[in-house]
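Chain and residue survey
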Amino acid sequence: GDSVTQMEGPVTLSEEAFLTINCTYTATGYPSLFWYVQYPGEGLQLLLKATKADDKGSNKGFEATYRKETTSFHLEKGSVQVSDSAVYFCALSEGAQKLVFGQGTRLTINP
Amino acid sequence: DTAVSQTPKYLVTQMGNDKSIKCEQNLGHDTMYWYKQDSKKFLKIMFSYNNKELIINETVPNRFSPKSPDKAHLNLHINSLELGDSAVYFCASSPYRVSNTEAFFGQGTRLTVV
């Protein structure tokens, strides 16, 4: 079945550092790919998405490019802020009416 | 206005009890979901409903029974609660095909079984 694998956390960075969170997926067809973010005590919010190969999703300074050849959707940000501290989830959806999530990566940004 | 609202936010109960979690969405979406998040933050789908019809049941024990009285509501009833049911339960909704759009999540219900 479909699955998503994210880099192990937790990840701790200093403010203004460069961020990469790796995400790879396994799917039989052509899924849509998502990054969701969960701030402490809250539900998940969509951060960005890409629905076909080579699409780049972007939002709030975060970017991820749908790479079909490497089945990856890595999340990047050039300069992180303390307010980016959260748990980040990579997810896919392939027609079926559900999202399949990775295990989540906890990110902590220190001032 | 809260798009997807769940009640209660916290629920502490004893083993063997029966409890319900309510969910309502005011987005006009056709599809609603229940997800379970374990202590390691791993999220797994439990159920999906489309226009009050069950379309996904991910091998969840039959102690868990979802009920959708209309397409804006999806409640989760749990019988004979067990310690392993302790988790955060998230309700979500989306337009018909979540692959083309986003799902909106509630704030979660933290269930603790003692």
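Below is a short write-up of the structure. Owing to the predicted nature of the structure, the values given are computational and were not obtained by experimental measurement.

The rules we used
Residues numbered from 1 in each chain as written. Chains lettered and ligands numbered in written order. Predicted model: local features only at pLDDT ≥ 70, side-chain atom pairs only at ≥ 80, totals over all residues. Heavy atoms only, no water. Contact = heavy atoms within 4.5 Å. Buried area = accessible area lost by both parts, 1.4 Å probe. Salt bridge = Lys/Arg side-chain N within 4 Å of Asp/Glu carboxyl O. Polar contact = N/O pair within 3.5 Å; in protein donor to acceptor, adjacent residues only side chain to side chain. Nonpolar A, V, L, I, M, F, W, Y, C, P; charged D, E, K, R; others polar. Helix = DSSP H or I, 4+ residues; strand = E, 2+ residues; numbered from the N terminus. Buried < 20%, exposed > 50% of the residue type's maximum accessible area, 1.4 Å probe, protein only.

Taken together, the contact between chain B and chain A spans 27 residues of the former and 23 residues of the latter. For the pair chain B and chain A, the summed buried area comes to about 1,900 Å², and 55% of that belongs to carbon and sulfur atoms. Note that A:K98 is salt-bridged to B:E58, the shortest N-O span being 3.0 Å. Summed over the shared surface of chain B and chain A, the number is 4 residue pairs in polar contact (both at pLDDT 80 or more). The residue inventory of the side of chain B that touches chain A, partitioned by class, reads 12 nonpolar, 9 polar and 6 charged.

So, about the pattern of salt bridges. Residue and element names in this part refer to chain B. Counted under the stated rule, the structure contains 8 salt bridges over all chains. Between D30 and K71 there is a salt bridge, with its nearest N and O atoms 2.9 Å apart. In this pair, D30 sits in the loop between β3 (19-25) and β4 (31-37) while K71 sits in the loop between β7 (64-70) and β8 (73-78), placing the two residues 41 residues apart along the sequence. Take D30: its relative accessible area is 24%, and that puts it in the partly exposed class. The partner of E58 in a salt bridge is K44, with the nearest N and O atoms 3.9 Å apart. With E58 in the loop between β6 (53-57) and β7 and K44 in strand β5 (residues 43-50), this pair connects stretches of sequence that are 14 residues apart. For K44, a relative accessible area of 42% translates into the label partly exposed.

The next thing to look at is the environment of A:A53. Residue and element names in this part refer to chain A. On the secondary structure map, A53 appears in the loop between β6 (44-50) and β7 (56-59). For A53, a relative accessible area of 30% corresponds to the partly exposed category. C-alpha of A53 to C-alpha of E69: the two residues are 16 residues apart in sequence and 8.7 Å apart in space. Non-local contacts of A53, meaning those with residues more than four positions away in its chain, are made with Y66 and K68.

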